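Coordinate inspection notes
As a plain string of letters, each chain reads:
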Amino acid sequence: MTSRGRSRHTPAVTGTRTLAAGLAALGLSVALAGCSGAGSAQENAARQVATTFADAAQEDPSSACGLLAPDTREELEDTSGPCAESLAEAGLPQAGPVLDVEVYGLDAMVRLEDDTMFLALFDTGWRVTAAGCTPEEPDRPYSCDIKGA
Amino acid sequence: MSKGLREQGLTIAFVVLLIAALVGQALTGVAFYNEQAGDSGLPLMSLLQYVTSSQFAVDVAENWQSEYLQFLLYILLTVWLVQKGSPESKPLDQAGRESDEKQKVGSHAQEDSPAWAKVRGWRLQLFSRSLGLTMGAIFLLSWLAQFIAGRSAYNADQIKDLKAPLGWGEYLAAPDFWNRTFQNWQSEFLAVASMVVLSIYLRERGSPESKPVGQPHTSTGVEG
């Protein structure tokens, strides 16, 4: 609390400059953080990984396993056995074309025609944290065939 | 300390404190984020990633907007509202925008008055309200920043929880946005009310925010 309504002293120029710099920094930060919107490089990268995973899950499950997030792969192997076999048996839907991609920082959701995938951005790139997901009730977690623990 | 530094001491001190607090917030914030992400097997953030993230931006902006709202309301309400006994208040009979003579504007301006205080018209009107307008503009921009960054941070959490992200309208109606807003506002209003009331009865010798130690409790608009 420093509620001063009086302009008893002329504000220092240094203070004004610092304030302006602070606001500019906040604005830049928000622009970087909040507007990771349409057409960004990360959206394209997430879209690419999702479609590659969807195709590989049907035709080349072992390479699709390389696109799973570590915890998701571990959970799959713990509950169903070796990754490639488990993925083939999981019966993920034919995904179809991408309808929508939303990226927020290190997290992304890719809606395909017949599937929804959740992804996270690791040092190695986007990895699938959950796939074969269908919406349940509003604002409830999606029901996913494959997901982390 | 040189005279120049001493004369800017208050500003310098608060800017240093601001930077130190922001550094502390960034270091503890990235540690907290990574603690939670690590527990869930999700990717960790570097410090640079964190300070440019929506998670950091919303935490900064929600506090900034409430501070500027506090100043804005204080600046404006103290024009018309008074509090008997408080050095935060004007004298009881001086509520309002006050006369040109008291405000030293137009023909009542001094030789060293600001240039726009000496003239009539829109420049005087604008300058006469420039403090409130600026505080109000910063408040609105900070609140907008909270909204934009808050939605992004909220949606990142939604995706981590395998939930659908919210659109702009949905987030505007979401508890997250308003809860972040109100929890900051209430603390600011409490702080102002406390300062107004406590300064009636308590003193801080030498502080311009306090009445002189020997000043009666009933004195209003007197500063040390």
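It should be emphasised that the depicted structure is a prediction, and the values quoted were computed from it without experimental measurement.

Looking only at helices and strands, one finds 10 helices and zero strands in chain B. Beginning at the N terminus, the succession of helices and strands in chain B can be written as α-α-α-α-α-α-α-α-α-α. Taken against the 2.2 N^0.38 rule, which gives 17 Å for 224 residues, the C-alpha radius of gyration of chain B at 23 Å runs more than 25% over that of a compact globule. With the C-alpha coordinates aligned to their principal axes, the bounding extent of chain B is approximately 65 × 40 × 40 Å. A buried classification covers 29% of the 224 residues belonging to chain B. A separation threshold of at least 6 residues defines the contact pool for chain B, and within that pool the share at least 24 residues apart is 52%.

In this section: the domain arrangement of chain B. Interfaces are often described in size by the accessible area the parts lose on coming together. Residues and elements named next belong to chain B. By the assigned domains, chain B splits into domain 1 (1-52) and domain 2 (54-224). On a C-alpha basis, the centres of domain 1 and domain 2 stand 24 Å from each other. At the interface, eight residues of domain 1 touch four residues of domain 2. For the side of domain 1 that touches domain 2, the element with the most residues is helix α2 (residues 9-39), which contributes four residues.

All names here are of chain A. Along strand β3 (residues 116-122), six of the seven residues are buried, which leaves the element largely enclosed by surrounding structure. As paired strands, strand β2 (residues 107-112) and β3 are joined by five bridges and run antiparallel to one another. From the neighbouring strand, V110 faces β3, where its bridge partner is M117. Sheet topology places β3 next to strand β4 (residues 125-134); six bridges connect them, and they run antiparallel. Within β4, the position partnered with F118 by the bridge is A130. Linking β3 to β4, which pair antiparallel, is a turn of two residues.

Attention now goes to α2(B). Residues and elements named next belong to chain B. Between its first and last C-alpha atoms α2 spans 45 Å; for 31 residues at 1.5 Å apiece the expected length is 45 Å, and the two agree. Judged by how many residues are buried, α2 sits mostly at the surface: two of 31 residues are covered. Downstream of α2 by one or two residues, G41 has phi in the positive range, about 70°.

This part is about the confidence of the model for chain B. With 100% of its residues at a pLDDT of 70 or more, chain B has an overall mean of 96. The complex model carries a pTM of 0.87, and its ipTM stands at 0.85.

Turning our attention to helix α8 (residues 130-160) of chain B. The first and last C-alpha atoms of α8(B) sit 44 Å apart over 31 residues, in line with the 45 Å expected at 1.5 Å per residue. Of the residues one or two after α8(B), L162(B) is the one with positive phi, at around 60°.

Attention now moves to the sheet that holds β3(A). Residue and element names in this part refer to chain A. As summarised here, the arrangement of the five strands in space is β1-β2-β3-β4-β5, forming an open sheet in which the pairing is antiparallel. The open sheet has two edge strands with one neighbour each: β1 (98-104) and β5 (143-147). The sheet shows a mean angle of 25° between the axes of neighbouring strands, taken without regard to direction. The sheet strands contacting helix α4 (residues 70-80) are β4 and β5, and the helix crosses β5 at an angle near 90°.

We now examine the packing of α4(A) against helix α5 (residues 83-90) of chain A. Residues and elements named next belong to chain A. Look at α4 against α5: their axes get within 9 Å of each other, and the N-to-C directions meet at 80°. Here α4 is positioned roughly perpendicular relative to α5, judged by the angle of their axes. Contacts between α4 and α5 involve R73, L76, E77 and S80 from the former and C83, S86 and E89 from the latter. Class assignment for the residues of the contact of α4 with α5 results in two nonpolar, two polar and three charged.

All names here are of chain A. With five of six residues buried, β2 is to be regarded as a mostly interior element. In this sheet, β2 lies alongside β1 in antiparallel orientation, the contact comprising six bridges. Opposite Y104, over in β2, you have D107 as the bridge partner. In this structure, the hairpin formed by β1 and β2 is closed by a connection of two residues, where G105 is found at a positive phi of approximately 65°. Counting the residues in the hairpin turn of β2 and β3 gives three residues.

So, how was this worked out
- Residues numbered from 1 in each chain as written.
- Chains lettered and ligands numbered in written order.
- Predicted model: local features only at pLDDT ≥ 70, side-chain atom pairs only at ≥ 80, totals over all residues.
- Helix = DSSP H or I, 4+ residues; strand = E, 2+ residues; numbered from the N terminus.
- Rg over C-alpha atoms; globule rule 2.2 N^0.38 Å.
- Buried ≥ 20, exposed ≤ 12 C-beta atoms within 10 Å, placed from the backbone.
- Contact = placed C-beta atoms within 7 Å.
- Domains from an automatic or database assignment.
- Pairing = 2+ DSSP bridges.
- Expected span 1.5 Å × (residues − 1).
- pLDDT = per-residue confidence, 0-100.
- Axes fitted to C-alpha atoms, helices over the stretch in contact; angles between N-to-C directions.
- Parallel < 35°, antiparallel > 145°, perpendicular 65-115°, else oblique.
- Nonpolar A, V, L, I, M, F, W, Y, C, P; charged D, E, K, R; others polar.

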